[in-house]
Each structure stands twice: as structure tokens, then as C-alpha cells.
Amino acid sequence: MYKAFKFPKSLKKNLFHYCPGCHHSIAHRLLCEVIDELNIQEKSVGIASIGCACFLYFYIDVDILEAPHGRACAVATGIKRAKPELIVFTYQGDGDFAAIGFNESFHSALRGEKITAIMINNTVYGMTGGQLSPTTLPGQKTTTTPEGRDPNLYGYPPKLAEIFANLEGVAFSGRFAVNTPKRVLETKKAFKKAFLAQIYGLGFGYIEILSSCPVNWKMDPVTANKEVDKLAKYFPLGTFKDEVEKFLKGEES
Ligand code: SF4
């Protein structure tokens, strides 16, 4: 009998430690499905960041390294340059990628490093208790902005997928979500493109996923899942740059 739904080979059969309703686990599964479908498990190296996903090695069955806080793209750059035959990806949260590691993330994209960067954007520092992060929405309450983020004091959240799309070194950039079945399927396609950008040597692949953090948002999982729609009003979903599609069309013609 044909099995339409299989457990991904590169996903370890360990119980996730994530809070109920957290979207990290969905992102992990999609990532593993794509690793399997592209047949890159044996040559993939993941760089985990500091944060809720620091135990990436516990779930994803590829070589995983842990970078110091914010330095995942720098570590990925070193590995990819030393061993260009490997497929190297980072898996980072918004605090790690866009605050502490912004310099490394941005300059890796500027240089067009042939790596894939995955940024899980849940608008707070999740593991440390829900503090303001760069992507906290204007007006959003966090433990360090109990009255809501005031842009006059803290500035505005950066729309990194759009910013990266304007960099020459970037081959794929987009923002996605996994709070509906349709969006899960779209996100999976985007994962594949972000890896193909690297596989075809086209440049930096960036994929941002709007993600729920029910515990720090102080919501139940169902409400937090719906709340992602509110995030998507500020951070539009979509593909902002896709050199992979152009490359594939060129191959066909
Ligand atoms: S704190 Fe937030 S991001 Fe971290 S595991 Fe819990 S729900 Fe997920």
C-alpha cells in the first residue's frame, strides 16, 4: 500500500522538548522532509543557535554544531568555505539572528555566502523569558516592555526578508508561516528553494518563519496559532527574491 505520510528519515524519534503549540517542531519536520527529498542528509551540516532550538542535534539526524550566541552564520561561512561540497544551514531565532548576530547574518548575506539561513521569528526572546527582541511588534507587550513596544524608544522591527531580497549576494529570500495547512505546504516549498540556492551555487538562501510562542505570549496554543495572522499583517508573507526559479527556467529553455 502507498504510504502518503511517512516519518522523515532525518528526523530523530525523540520527543520534542518545545512547549505545546510551539511552531519549532513543525519547522523541524519540514526541514527534515526537505533534507530527505533532496537526498542531502549525509552531507548536511546544521548550525544551531543559542535559544529554544539549541538542542537541534537531539532532533535532526545530520551533523550539528552549536555556535556561540549570534554567530551561526559566521560558523556556517567557515565550514562552507573549508568544505564547499557540504550543505550548510543555520537554524536561529529572531534574537540570535537579528540582534546579537545581526552583523554576522547581514554580512554573510552581503558576501553571498553559499549557505542557507533559517530564522524562526516569534517576536520575543523565547528561552530567556519573553524579552523584547528586534522583531517585537510596535505596541507588543513583553517582559521588558510591559506597556508595549514604543517605537519612539525602541525603534521599529526590521523586515529582514525584504531587506535581504535587495542584496546582490542573496539568491532566495522569503517569509512564511506554519499556522495553517496551506502555509505549511508553502513553507516546505520555500525550504526547498532556500536549499537549492545553495546546491546550485547561486548565493545566500534566507527563509524566515513567523512562529508562535504561546508561553511568552501568555496565550493558549490555539489563540497563539491565530495570533500569527496578526504578525503577518506587519511582516507580510511571501517570496521576495527567487533566483532559483529563474535558474531552473533557464535550464529548461
Ligand atoms: S518558549 Fe516559545 S519558542 Fe521556546 S519552546 Fe516555548 S513556545 Fe517555543
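Rules of the game
- Residues numbered from 1 in each chain as written.
- Predicted model: local features only at pLDDT ≥ 70, side-chain atom pairs only at ≥ 80, totals over all residues.
- Heavy atoms only, no water.
- Helix = DSSP H or I, 4+ residues; strand = E, 2+ residues; numbered from the N terminus.
- Rg over C-alpha atoms; globule rule 2.2 N^0.38 Å.
- Buried < 20%, exposed > 50% of the residue type's maximum accessible area, 1.4 Å probe, protein only.
- Contact = heavy atoms within 4.5 Å.
- Areas by Shrake-Rupley, 256 points an atom, 1.4 Å probe, with all protein chains shown as cover.
- Core = buried A, V, L, I, M, F, W, Y, C linked by side-chain atoms within 4.5 Å.
- Pairing = 2+ DSSP bridges.
- Axes fitted to C-alpha atoms, helices over the stretch in contact; angles between N-to-C directions.
- Near = heavy atom within 4 Å.
- Nonpolar A, V, L, I, M, F, W, Y, C, P; charged D, E, K, R; others polar.
- Patch = residues over 30% accessible without salt bridge, like charges linked within 9 Å, V, L, I, M, F, W, Y side chains within 5 Å.
- Salt bridge = Lys/Arg side-chain N within 4 Å of Asp/Glu carboxyl O.
- Phe/Tyr/Trp six-rings, centres within 6.5 Å; stacked < 30°, edge-to-face > 60°.
- Lys NZ or Arg CZ within 6 Å of the ring centre and 35° of its normal.

**Thoughts on the overall build of the chain**
Thought 1: Counting secondary structure elements, the chain contains 10 helices and nine strands.
Thought 2: Relative to its length of 253 residues, the chain is compact, with a C-alpha radius of gyration of 17 Å against a globular reference of 18 Å.
Thought 3: The proportion of buried residues among the 253 residues of the chain is 54%.
Thought 4: When contacts within the chain are restricted to residue pairs at least 6 apart in sequence, those whose partners lie at least 24 apart make up 68%.
Thought 5: About 11,700 Å² of surface is accessible on the chain, with carbon and sulfur atoms providing 58% of the total.

**Here's the deal with the nonpolar core**
Thought 1: By size, the foremost hydrophobic cluster in this structure holds 36 residues, and its most contacted members are Leu31, Ile60, Phe191 and Phe195.
Thought 2: Elements represented by at least two residues in this core include exactly helix H1 (24–37), strand S3 (87–93), strand S4 (116–121), strand S7 (170–177), helix H7 (181–199) and strand S8 (204–210).
Thought 3: Apart from the residues within four sequence positions on either side, Phe195 is in contact with Leu31, Val34, Leu38, Ile40, Ile87, Phe89 and Thr116.
Thought 4: Core analysis: the second largest hydrophobic core is formed by 23 residues, Val45, Cys73, Val170 and Tyr206 among them.

**Quick look at the sheet that holds strand S1 (residues 44–48)**
Thought 1: Strand order in the open sheet formed by seven strands is S2-S1-S3-S4-S8-S7-S9, and the pairing between neighbours is mixed. Two strands close off the open sheet at either side, each with one partner strand: strand S2 (63–66) and strand S9 (238–242). Averaged over neighbouring strand pairs, the angle between their axes works out to 15° when direction is ignored.
Thought 2: Looking at chain direction, S3 and S4 are connected through five bridges and run parallel. Counterpart to Thr90 in the pairing with S4 is Ala117.
Thought 3: Lying over the sheet, H1 contacts S1, S3, S4 and S8, oriented at roughly 170° with respect to S3.

**Details of the site of the ligand**
Thought 1: The immediate surroundings of the ligand are formed by Tyr18, Cys19, Cys22, His24, Cys52, Asn122, Gly126, Cys213, Pro214 and Asn216.
Thought 2: Partitioning the shell around the ligand into residue classes produces six nonpolar, four polar and no charged.

**Details of a nonpolar patch on the surface**
Thought 1: A surface patch of nonpolar side chains, amounting to about 290 Å² of accessible area, comprises Phe55, Tyr57 and Phe58.
Thought 2: Topologically, Tyr57 is positioned in the loop between S1 and S2.

**Considerations on the side chain of Thr145**
Thought 1: One can find Thr145 in the loop between strand S6 (131–132) and helix H5 (151–154).
Thought 2: If near-sequence neighbours (up to four positions away) are discounted, Thr145 is found in contact with Leu132, Gln140 and Tyr154.

**Focus on the packing of aromatic side chains**
Thought 1: A full pass over the atoms with the stated rule returns 15 aromatic pairs.
Thought 2: Judged by centre distance (5.6 Å) and plane angle (75°), the ring pair of Phe58 and Tyr59 falls under edge-to-face.
Thought 3: Accessibility expressed as a relative area gives 42% for Phe58, which makes it partly exposed.
Thought 4: Ring-pair connections join several aromatic residues into one group, and the members of that group are Phe97, Phe102, Phe106, Phe164, Phe204 and Tyr206.
Thought 5: The ring of Phe7 carries the charged tip of Lys13 above its face, separated from the ring centre by 5.2 Å.
Thought 6: In this structure, Lys159 is placed above the aromatic ring of Tyr234, and the distance from its NZ or CZ to the ring centre is 4.4 Å.

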